[in-house]
Amino acid sequence: MTDYQKYTEILETFIKKIVDIKDATSPEARAALEEPFEFLGIAHSSVKLYETMLEKKKDKPKEQLPLYNKPDRDDSKAVEITDINDVGNPVVFRYAPHQGVEWDSEDMKHIETLQKLMRIHLSRIRTARQAETYMFRDMEMQMYNLAFYMKTLARLIREGKAMEYNTCRFNMQRLGYINMQIGRKKSSELLRRYVNILQNKLGLDSVVARIGGDNFVCLYKKELQKTVEAHMNGVHMIYDEENGDAMKFSAYAGYYFIQRDCKDPNDIMDNVSMAAAWSKNDRMATQIFFDDDLIKKLNSQKKLETMFPEALDTEEFKVYYQPKIKLDSYQMIGAEALCRWEHDGQIMPPDIFIPILEQTLAICKLDFYMLEHVCRDIKRWIEEGKDPVKVSVNFSRRHLGDYHFLDNIIQIVNMYDIPHEYVEVELTETTKDLDFDSLKTIVTGLRDAGISSSIDDFGIGYSSMNLIRDLPWKVIKIDKSFLPTDNDDKQYTVLKHLIGMATELGLDCIVEGVETDEQVELIKKDGCVLAQGFYFDKPLAVETFEERLINPSLGIENTEE
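The structure contained in this document is the topic of the report that follows. (Residues numbered from 1 in each chain as written. Predicted model: local features only at pLDDT ≥ 70, side-chain atom pairs only at ≥ 80, totals over all residues. Heavy atoms only, no water.)

## Looking at the nonpolar core
For clarity, the threshold we go by: What makes a nonpolar core is a set of buried Ala, Val, Leu, Ile, Met, Phe, Trp, Tyr and Cys residues whose side-chain atoms join them at distances within 4.5 Å. The cut-offs for exposure are 20% and 50% of the maximum accessible area for each residue type, with area from a 1.4 Å probe on protein chains only; residues under the lower value are buried, those over the upper are exposed, and the others partly exposed. By the criteria applied, helices consist of DSSP H or I runs no shorter than four residues and strands consist of E runs no shorter than two, each listed in order from the N terminus.
Formed by 109 residues in total, the largest nonpolar core has its most connected members in Phe317, Tyr321, Phe353, Leu366 and Ile523. Tallying contributions element by element places helix α12 (residues 362-383) first for this core, with 12 residues. The next biggest cluster of nonpolar side chains, apart from the first, holds 28 residues, and it includes Met141, Met143, Val228 and Met247.

In structure tokens, the structure reads:
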């Protein structure tokens, strides 16, 4: 067997070894080079990659990779071979022999043959890297994407390390409002910084990946759980360096603590996604854990969702009316329509089914059901010669993304041919994902149609001042949480100023949740003329409320539901 034949076999072995190598500087790559390099007496090899020939002339490589190195190299006899890579860029390979090795023309032919294989190998690695970049990177945000997160989860499961990690899926709070306040460009830059800060806090063992839009998922060591929770609660981000102006970025987050028996990345993603979905609609919390309590809620949700269509068809949902009272005369001047679910002879409280229906678009069907039944009642009252009062109907934040929402409201009111002045639309100010432009379109459209609108639960949401400054509301409904208890001077001061501000802006102001003589006298002293609460009346079944229409003078009942 000649040396040439032996070298051919060495090259065949080399080609088989490098097929699966993805990093030219890895230990596996150096090991693959060992046999052909030692056969040729090569002690050192490196490669320089240039963008242009001009940069090559200036010797300004874009990248320089060490491929192989032994301590006894003879740099005085090093040779360089210039080549062109697969995209036409100059590439210079450098080879240095061991001390005492002399290369003849035949050796140089072998080295050139090896160098061509090396160029092909490097081009393949480069192509694979580019493909992986597009496959596993979000190019807009310059971060990992969902495919990389799932790939990492699968690897950790195979290695038996997944239970060392927790995972969190999150999306931003108030991003529409932030876009409106500081502009989309600055808002997007702050979003990138918010996510990058989280990645830096979690370290190299963690993955923060973008799902799409402002939705993200992260995978991190269990001991970093409090760090993630704190980050989700909010980070003040400076958007104007000159003035030091800052905006708080916070997120709705769902968490899943990966268990030892988790074998499928899709199951992990499903669990954390369910917790994240609940966090966006929960009225009390913005961070939700996938645990036994959530599983019970999800089972209840599934059960109620199954029951809902038939209950809607058979009209198990009943309208109850809670009077609104004018405080100078104790006369009923309006009412709020409230939903009760009568099923199997029992009345289901709204705090049981409303939060669950709000997780889906089922709540939208219920809201329009309520509006239609209110319009039907008002129509009947007019035909029977009763004097109707304005009735407010609650609508979920779920409607804000519905392009036909405004038209559907007006169409239902017109279908029953009742004066628009008898209908009021209540929208909750605590809307978590505030779409300001959509909200403005709705409120302005209602005003133009002669239908008044009100902010429910005013004062406990995110952007109260901007809402009343920029939108043409008719009524502000102050949340009961602002009613003082136990002579709380601070709480009273806030309430007084809320009432005063609404009055000065020419808005009707009503305080809800009034329950005591002291509260009545307090809000009257502060100039509030409208109130609602158990002190005056509980929510009334339609038959009882119709009696109140005949005799609107109030007999204070102090009745609890």
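## Side note on the pairing of strand β14 (residues 317-326)
Selection rule: Strand pairing is assigned whenever DSSP detects at least two bridges linking the two strands.
Extensive coverage of β14 is indicated by the burial of 8 of its 10 residues. Judged from the 10 bridges that link them, β14 and strand β15 (residues 331-343) form a sheet pairing that is antiparallel. Across the sheet, the residue bridging to Pro323 is Ala335, located in β15. If you look at the hairpin formed by β14 and β15, you'll find 4 residues sitting between the two strands, and Tyr330 has a positive phi there, around 55 degrees.

## Some points on the sheet that holds strand β6 (residues 143-145)
With respect to topology, 7 strands assemble into an open sheet ordered β5-β6-β8-β9-β7-β12-β13, the strand pairing being mixed. Of all strands in the sheet, those bounded by a partner on one side alone are β5 (137-138) and β13 (287-289). Pairing of strand β7 (residues 165-172) with strand β12 (residues 251-257) involves 7 bridges; the strand directions are antiparallel. Note on β12: the bridge partner recorded for Asn171 is Tyr252.

## Quick word on helix α7 (residues 184-202)
How we decide: To estimate how far a helix should reach, multiply one less than its number of residues by 1.5 Å.
End to end, α7 covers 27 Å across 19 residues, agreeing with the expected 27 Å (1.5 Å per residue, within 8%). Within α7, burial applies to Ser187, Leu190, Leu191, Tyr194, Val195, Leu198, Gln199 and Leu202. Looking one or two residues past α7, Gly203 carries a phi angle of roughly 85 degrees, positive in sign.

## Observations concerning the pattern of salt bridges
The line we're drawing: Note on definitions: salt bridges are taken to be side-chain nitrogens of Lys or Arg within 4 Å of carboxyl oxygens of Asp or Glu.
Under the defined criterion, the tally for this structure stands at 28 salt bridges. Close ionic contact of Asp59 with Lys48 constitutes a salt bridge, the shortest N to O distance being 3.3 Å. Here the residue Asp59 occupies a position in the loop between α3 (53-57) and β2 (63-69), and Lys48 occupies one in strand β1 (residues 42-49), the gap between them amounting to 11 residues. Residue Glu229 is joined to Lys226 by a salt bridge in which the shortest nitrogen-to-oxygen separation is 4.0 Å. On the criterion of helical spacing, the pair formed by Glu229 and Lys226 is a turn pair, its members being 3 residues apart in helix α8 (residues 225-233).

## Brief notes about the packing of aromatic side chains
The following threshold applies: What counts as a ring pair is set by centres within 6.5 Å for rings of Phe, Tyr and Trp (its six-membered ring), and what kind of pair is set by the plane angle: stacked under 30 degrees, edge-to-face over 60, tilted for all other angles. Any Lys NZ or Arg CZ found within 6 Å of a ring centre and within 35 degrees of that ring's normal is scored as a charge over the ring.
This model, assessed by the stated rule, comprises 21 aromatic pairs. Taken together, a centroid distance of 6.1 Å and an interplanar angle of 40 degrees make the contact between Tyr194 and Phe249 tilted. Of the two residues, Tyr194 is situated in helix α7 and Phe249 in strand β11 (residues 245-249); the sequence distance between them amounts to 55 residues. The same class applies to Tyr194 as to Phe249, namely buried. A centroid spacing of 4.8 Å and a plane angle of 25 degrees characterise the contact between Tyr255 and Phe289, whose relative ring orientation is stacked. You can see Tyr255 sitting in strand β12 and its partner Phe289 sitting in strand β13, a full 34 residues away along the chain. Judged by relative accessible area, Tyr255 falls into the buried class, the value being 0%. One aromatic cluster is present, built from ring pairs that chain together Phe308, Phe317, Trp341, Phe353 and Tyr369. Of note, Arg340 hangs over the ring of Tyr320, and the distance from its end group to the ring centre comes to 5.9 Å.

## What to know about the sheet that holds β2
So the rule is basically this: Axis geometry follows a simple rule: fit a line to the C-alpha atoms, using only the stretch in contact for helices, then measure angles between N-to-C directions, giving values from 0 to 180 degrees.
Strand order across the open sheet formed by 4 strands is β2-β1-β4-β3, with antiparallel pairing between neighbours. Edge positions in the open sheet fall to β2 and β3 (79-84), since each of these has one partner strand only. Shown here is a sheet whose adjacent strand axes are inclined to one another by a mean of 15 degrees, direction ignored. Pairing geometry for β1 and β2, over 6 bridges, is antiparallel. Its bridge partner being in β2, Leu49 is matched across the sheet by Glu63.

## Some points on helix α2 (residues 27-40)
The line we're drawing: Note on bend: the value at a residue is the angle between axes fitted to the seven residues ending there and to the seven starting there.
With 14 residues, α2 ought to run about 20 Å at 1.5 Å a step, and its terminal C-alpha atoms sit 20 Å apart, in line with that. Of all the bends found along α2, the most pronounced is centred on Glu34 and spans about 40 degrees, while Pro36, a proline, follows it within four residues. Of all the positions in α2, only Ala29, Ala32, Leu33, Pro36, Phe37 and Leu40 are classed as buried. Of the residues trailing α2, Gly41 is marked for its positive phi of about 75 degrees.

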